[in-house]
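For reference, the chains in residue letters:
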Amino acid sequence: MRKTKEDYIKYRISKSDEVFEDARILASSQRWNSCVNRLYYSAFYLVSALLYKMDIKADTHNGIKTQFFQHFVKTNHINKDFAKLYSHLFDWRQESDYADFIEFDQKTTEPLIEKVYELNCTIKELIKAE
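### Let's talk about the nonpolar core
Leu39, Phe68, Phe72, Ile78, Tyr86 and Ile123 are the most contacted members of the largest nonpolar core, which has 39 residues in total. For this core, the elements supplying multiple residues, two or more each, are helix 1 (5–28), helix 2 (32–53), helix 3 (61–73), helix 4 (80–98) and helix 5 (106–129). Considering every element that reaches this core, the biggest residue donor is helix 2, with 14 residues. Apart from residues lying up to four places away in sequence, Phe68 is in contact with Val47, Leu50, Leu51, Val73, Ile78, Tyr86 and Ile123.

Shown next as structure tokens:
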């Protein structure tokens with residue numbers, strides 16, 4: 001069975017919701033680095049769905065970030081605070097995956113959960129609107 005563009009977008013939204021819930025579970029277990037990782041991926045899946053819906057091609061995480069900023073941040077579809085958040089999540093995910101001795105804590109991570117939720121809701125609205 002061949003998947004449609006809409007199937008791909010729905011799948012990415014579903015993955016975003018799933019990994020966001022994983023982030024909440026990890027936070028409740030005080031697994032802060034893994035929580036940050038899942039928060040990044042929850043936003044990443046939505047950004048990739050948004051770009052795909054708009055027929056904007058990007059093959060890497062950095063490419064997706066670049067295209068997102070070019071087409072949605074610079075055009076004021078996404079506010080600068082959300083753009084900074086996404087950029088920080090991108091950097092923190094890289095650091096926690098590839099650098100040694102990076103440890104996130106409760107004070108830094110817990111506020112991110114609500115902020116990422118708000119970012120994700122904004123991206124979902126863009127997906128519906130576009």
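After presenting the structure, the write-up continues.
### Examining the pattern of salt bridges
One pass over the full model with this rule turns up four salt bridges. Across the pair Asp17 and Lys124 runs a salt bridge whose closest N-O atoms are separated by 2.6 Å. Taken as a pair, Asp17 in helix 1 and Lys124 in helix 5 lie far apart in primary sequence, 107 residues in all. Assessed through its relative accessible area of 37%, Asp17 is described here as partly exposed. Between Glu125 and Lys128 there is a salt bridge; the shortest N-O distance is 3.9 Å. With Glu125 and Lys128 both in helix 5 and three residues apart, this pair spans about one turn of that helix.

### Observations concerning helix 5
When the terminal C-alpha atoms of helix 5 are compared, their 35 Å separation across 24 residues agrees well with the 34 Å that a helix rising 1.5 Å per residue should span. Helix geometry: helix 5 is bent most strongly at Ile113, by close to 30°. If you check which residues of helix 5 are buried, you get Thr109, Leu112, Ile113, Val116, Leu119, Asn120, Ile123, Leu126 and Ile127. Structurally, helix 5 contributes buried residues whose contacts are with helix 1, helix 2, helix 3 and helix 4.

Scoring rules and cut-offs
Residues numbered from 1 in each chain as written. Predicted model: local features only at pLDDT ≥ 70, side-chain atom pairs only at ≥ 80, totals over all residues. Heavy atoms only, no water. Core = buried A, V, L, I, M, F, W, Y, C linked by side-chain atoms within 4.5 Å. Buried < 20%, exposed > 50% of the residue type's maximum accessible area, 1.4 Å probe, protein only. Helix = DSSP H or I, 4+ residues; strand = E, 2+ residues; numbered from the N terminus. Contact = heavy atoms within 4.5 Å. Salt bridge = Lys/Arg side-chain N within 4 Å of Asp/Glu carboxyl O. Expected span 1.5 Å × (residues − 1). Bend = angle between axes of the 7 residues up to and from the residue.

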